[in-house]
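For reference, the chains in residue letters:
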Amino acid sequence: MAYQDFSTYHILSESSVDDLNKHINDSSKSVSVDNFRPNIVVSGVSAYDEDNWTKVYIGDAEFSNVKLCSRCVMTTVNPKTCKLTDEPLKTLRKYRKLVPSFGDSPCFGVNLILDKPGTIKVGDTVHAVIGQPPKLAA
């Protein structure tokens, strides 16, 4: 899949993006899910629920959580105008620096690996196992 630099699949919830936008002080700098380039977007869950999903089932495909997705400067490029801004990293660094070994890179979304190939499509129900996400070395 295009754009993914750590794993083939990146999952993010719309509610996490909505919550982030509530934290951004300047509404003219709000972001969209497109800033983060996920290839799986989920709705109908609470913000950051995806952080604790150890297994994800969509259609007949199965995925495992590999790690939280560390965010880089590419998220600050407006996907519509290609202009660079300081958001969302400025705000994410205030409350989403969750993995010490990631340094100044905040986490947003989850990197997944494919355990069982299958077909997924827009509108599929997402089932998840909630548990302790993988631990990364500090």
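Residues numbered from 1 in each chain as written. Predicted model: local features only at pLDDT ≥ 70, side-chain atom pairs only at ≥ 80, totals over all residues. Heavy atoms only, no water.

**Q** Explanation requested: a nonpolar patch on the surface in the structure shown.
**A** Taken together, Val73, Met74 and Leu84 make up a surface patch of nonpolar side chains, about 320 Å² in accessible area. Here valine 73 lies in the loop between strand E4 (61–70) and helix H2 (89–95). The exposure class assigned to valine 73 is exposed, which follows from its relative accessible area of 51%. (Patch = residues over 30% accessible without salt bridge, like charges linked within 9 Å, V, L, I, M, F, W, Y side chains within 5 Å. Areas by Shrake-Rupley, 256 points an atom, 1.4 Å probe, with all protein chains shown as cover. Salt bridge = Lys/Arg side-chain N within 4 Å of Asp/Glu carboxyl O. Helix = DSSP H or I, 4+ residues; strand = E, 2+ residues; numbered from the N terminus. Buried < 20%, exposed > 50% of the residue type's maximum accessible area, 1.4 Å probe, protein only.)

**Q** In this structure, what is going on with the sheet that holds strand E2 (residues 40–42)? I would like to understand it.
**A** Sheets are built from strands paired through backbone hydrogen bonds, the pairs being either parallel or antiparallel. Read from one edge of the open sheet, six strands run E2-E1-E5-E4-E3-E6, paired in mixed fashion. In this open sheet, the two edge strands, each paired with only one partner strand, are E2 and strand E6 (126–130). If you compare each strand with its neighbour and ignore which way they point, the axes differ by 30° on average. In this structure, strand E3 (residues 53–58) lies alongside E6, joined through five bridges in antiparallel fashion. Its bridge partner being in E6, tyrosine 57 is matched across the sheet by histidine 127. (Pairing = 2+ DSSP bridges. Axes fitted to C-alpha atoms, helices over the stretch in contact; angles between N-to-C directions.)

**Q** Is there a simple way to explain the pattern of salt bridges in this structure?
**A** When the charged atoms of two side chains lie near each other, side chains of opposite charge can form a pair. Tallied over the entire structure, the rule returns seven salt bridges. Put simply, aspartate 86 and lysine 29 hold a salt bridge, and the shortest N to O gap is 3.0 Å. Of this pair, aspartate 86 sits in the loop between E4 and H2 while lysine 29 is found in the loop between helix H1 (14–23) and E2, placing the two residues 57 residues apart along the sequence. Judged by relative accessible area, which is 31%, aspartate 86 ranks as partly exposed. Among the residues examined, lysine 29 registers a relative accessible area of 28% and is labelled partly exposed. The partner of aspartate 104 in a salt bridge is lysine 97, and the shortest N-O contact between them spans 3.0 Å. For aspartate 104, a relative accessible area of 41% gives the class partly exposed. Since its relative accessible area comes to 42%, lysine 97 is described here as partly exposed.

**Q** Sorry, what's going on with the nonpolar core here?
**A** Note on soluble globular proteins: their nonpolar side chains tend to be buried together. In this structure, Ile11, Ile40, Val56, Phe63 and Leu112 are the most contacted members of the largest nonpolar core, which totals 15 residues. Those elements giving two or more residues to this core turn out to be strand E1 (9–13), E2, E3, E4 and strand E5 (107–116). Other than its neighbours up to four places away in sequence, valine 56 contacts Ile11, Ala61, Glu62, Phe63, Leu112, Val126, His127 and Ala128. Core analysis: the next-biggest nonpolar cluster, separate from the first, contains nine residues, Leu20, Phe36, Tyr48 and Leu92 among them. (Core = buried A, V, L, I, M, F, W, Y, C linked by side-chain atoms within 4.5 Å. Contact = heavy atoms within 4.5 Å.)

**Q** What is the right way to read the packing of aromatic side chains from this model?
**A** Aromatic ring pairs are defined here through the distance separating the ring centres and the angle between the ring planes. In the structure shown here, the tally under the stated rule is four aromatic pairs. Here tyrosine 9 and phenylalanine 63 contribute two aromatic rings whose centre-to-centre distance is 5.1 Å and whose plane-to-plane angle is 70°, an arrangement assigned as edge-to-face. Of this pair, tyrosine 9 sits in strand E1 while phenylalanine 63 is found in strand E4, placing the two residues 54 residues apart along the sequence. Judged on exposure class, the residue tyrosine 9 and its partner phenylalanine 63 are both buried. Between tyrosine 48 and tyrosine 95, the ring centres sit 6.3 Å apart and the planes meet at 80°, which makes this aromatic pair edge-to-face. Residue tyrosine 48 is located in the loop between E2 and E3, and its partner tyrosine 95 is located in helix H2; the two are separated by 47 residues in the primary sequence. Each member of the aromatic cluster is reached from another via a ring pair, and the members are Phe36, Tyr48, Tyr95 and Phe108. (Phe/Tyr/Trp six-rings, centres within 6.5 Å; stacked < 30°, edge-to-face > 60°.)

**Q** Would you explain the side chain of serine 15 in this entry?
**A** You can see serine 15 is positioned in helix H1. Once residues within four sequence positions are removed from consideration, serine 15 is found in contact with Val45, Ser46 and Ala47.

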